[in-house]
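Chain and residue survey
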Amino acid sequence: MQPKFHNAVVVDVVRSPVGKGKPGGSLSSLHPSDLLAQVLLQLIKRNDLDPGAVDDVLIGCVSQVGEQSAVPGRNAWLAAGFPEHVPAATIDRRCGSGQQAIAFAAQSIMSGACDIVVAGGVESMSRVPMGSARKGADPYGNGVNRRFAPGLVGQGVSAELVAAKWNLTRAAMDQYAVESHRRAAAAQQAGWFDNEIVPIETPEGIVSRDETIRAGSSEESLAGLKPSFEDEQLASRFPQINWSVTAGNSSQISDGAAAALIMSEETATRLNLKPRARFLAFDVRGDDPLLMLTAPITTTRRVLAKAGLRPEDIDHYEINEAFACVPLAWQHEIGVDGARLNPHGGAIALGHPLGASGARLFATLLNGLERSKGRYGLQAMCEAGGTANATLIERL
């Protein structure tokens, strides 16, 4: 019998506010499973859904060690008091983990394997610091080290290489960073994040606003910051680098969680739930692991081709601001009007809780499309190791 294709739709997507990923950050007192549990609970409640009807829970998380080990999505689901028979899995595609969880959920709906899936991500970088899973070990092994001798570099140095390749100056990157904060502050002030953020209860009180936005950021203040990744040993290997990537034009270490409710169109109709968007196309692609951050360019082109669309057809782009050079190089290659690129700010202002960021971008993308009454939205994220994924949706 010919298998039936199902339209996968998103009924809702919510996120926590983003907290600073350090001791004393607004969400740092919460165990990551408890943080995600509150997001899941509010997602299910505000859609009046029987949690027992959910077929699977897919959660992105990068540092799966310590408090984020042992399938955090499963622990969060149980912490929310939801039925034990609902399974969960943890997805790791580095910075794109939350986005990949959403893509896998939609694809399982399309194939008919599932009817209802909750997908998203979580990362508490204040409690499980970046790099905790590695602990000084070599993750590459002899084969990779031989292939890419004299060696791969960290993301910060890769960002410097991207800036050099596209001739991006320190001033251009600082200017982009200031604009990210300006846009995010304006969106926060106008209430544009209100529909995507759910309040989070902490021992210190209720958190309902992103903590990371610096409305007073200026090019003058950023100009005083020292380069974060300057390395004398690498300077001779990469003489083209000008060492211009700083904490000010990079994404912020953060805490956060987000989740989407995804189902087949038939199921949404049966449950009397109104879909907000449908999934059109997906792509994931690898690129040079030394440059590491360039694959969003390739995967954007590929996902547009799959859908038969042109760059100018897309009303809202979310390209993760891991570093300012990433969306700037992407914009140079794709040729998109800057007004449609991260119009509500990005990770430079809103933070980058690694495993949750893809789902956070998805929440902002969908709400932005609805606000502007746009039709098509596309998001793409660079990922450690030189990969990227892209998701294309149509607002309904």
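Residues numbered from 1 in each chain as written. Predicted model: local features only at pLDDT ≥ 70, side-chain atom pairs only at ≥ 80, totals over all residues. Heavy atoms only, no water.

A look at the overall build of the chain
Selection rule: Each helix is a run of H or I in the DSSP string that is no shorter than four residues. Each strand is a run of E no shorter than two, and both are numbered from the N terminus. As a reference, a globule follows 2.2 Å times the number of residues to the power 0.38, and the radius of gyration itself is taken over C-alpha atoms. Here the term buried applies to any residue with accessible area under 20% of the maximum for its type, exposed to any over 50%, and partly exposed to those in between, with areas from a 1.4 Å probe on protein chains only. When checking whether two residues touch, look at their non-hydrogen atoms; a contact exists if any pair is within 4.5 Å. The Shrake-Rupley method, run with a 1.4 Å probe sphere, supplies the accessible areas, and residue values consider only the shown protein chains as cover. Only four residue types enter the tally: Lys and Arg on the positive side, Asp and Glu on the negative side, with His and both chain ends excluded. Charged groups are reduced to one reference atom each: NZ for lysine, CZ for arginine, CG for aspartic acid, CD for glutamic acid.
If you tally the helices and strands in the chain, you get 13 helices and twelve strands. Taken against the 2.2 N^0.38 rule, which gives 21 Å for 396 residues, the C-alpha radius of gyration of the chain at 20 Å falls within 12% of a compact globule. By principal-axis analysis of the C-alpha atoms, the chain measures approximately 60 × 50 × 50 Å. Taken over 396 residues, the chain has a buried fraction of 56%. Partitioning the contacts of the chain with sequence separation of at least 6, the portion at a separation of at least 24 is 81%. Approximately 15,900 Å² of the chain is accessible, and the part contributed by carbon and sulfur atoms is 50%. Computing the positive centroid from 37 side-chain charges and the negative centroid from 42, the chain places the two 3 Å apart.

Details of the environment of Gly21
With respect to the element layout, Gly21 can be found in the loop between strand 2 (19-20) and helix 1 (32-46). Separated by 204 residues in the primary sequence, Gly21 and Leu225 have C-alpha atoms spaced 20 Å apart. When residues no more than four places from it in sequence are discounted, the contact partners of Gly21 are Met125, Ser126, Ile253, Ser254 and Asp255.

Observations concerning the pattern of salt bridges
Applied cut-off: In the sections that follow, a salt bridge refers to a side-chain nitrogen of Lys or Arg positioned within 4 Å of a carboxyl oxygen of Asp or Glu.
Tallied over the entire structure, the rule returns 18 salt bridges. Between Arg46 and Asp12 there is a salt bridge, with the nearest N and O atoms lying 2.5 Å from each other. Linking Arg46 in helix 1 with Asp12 in strand 1 (residues 8-15), this pair joins segments that are 34 residues apart in sequence. You can call Arg46 partly exposed: its relative accessible area is 36%. With a relative accessible area of 4%, Asp12 lands in the buried category.

Remarks on the state of the cysteines
Throughout this description, disulfide means a covalent bond between two cysteine sulfur atoms. Let me state the cut-off plainly: Note that a disulfide, as used here, is simply two cysteine sulfur atoms within 2.5 Å.
Overall, the coordinates contain zero disulfides when judged by the stated rule. Cys61 takes part in no disulfide bond, and the closest cysteine sulfur, belonging to Cys95, lies 12 Å away. Residue classification places Cys61 among the buried residues on the basis of a relative accessible area of 0%. Lacking any disulfide linkage, Cys95 is separated from the closest cysteine sulfur, that of Cys382, by 6.1 Å. We classify Cys95 as buried; its relative accessible area is 6%.

Brief notes about unusual backbone geometry
Cis geometry is found at the peptide bond from Ala149 to Pro150, where omega equals 10°. Relative to the helices and strands, Pro150 resides in the loop between helix 4 (141-147) and helix 5 (155-165). Even without glycine at this site, Asn272 takes up a positive phi of about 60°. Residue classification places Asn272 among the exposed residues on the basis of a relative accessible area of 72%. Phi angles above zero are rare outside glycine, and Met292 is one such case at about 65°.

A look at the pairing of strand 10 (residues 316-319)
How we decide: Pairing between two strands is assigned when DSSP locates at least 2 bridges connecting them.
Burial along strand 10 is two-sided: His316 and Glu318 facing one way and Tyr317 and Ile319 facing the other are all buried. By the bridge criterion, four bridges tie strand 10 to strand 11 (residues 376-383) in an arrangement that is parallel. Residue His316 lies in a different strand from strand 11, and its bridge partner there is Gly377.

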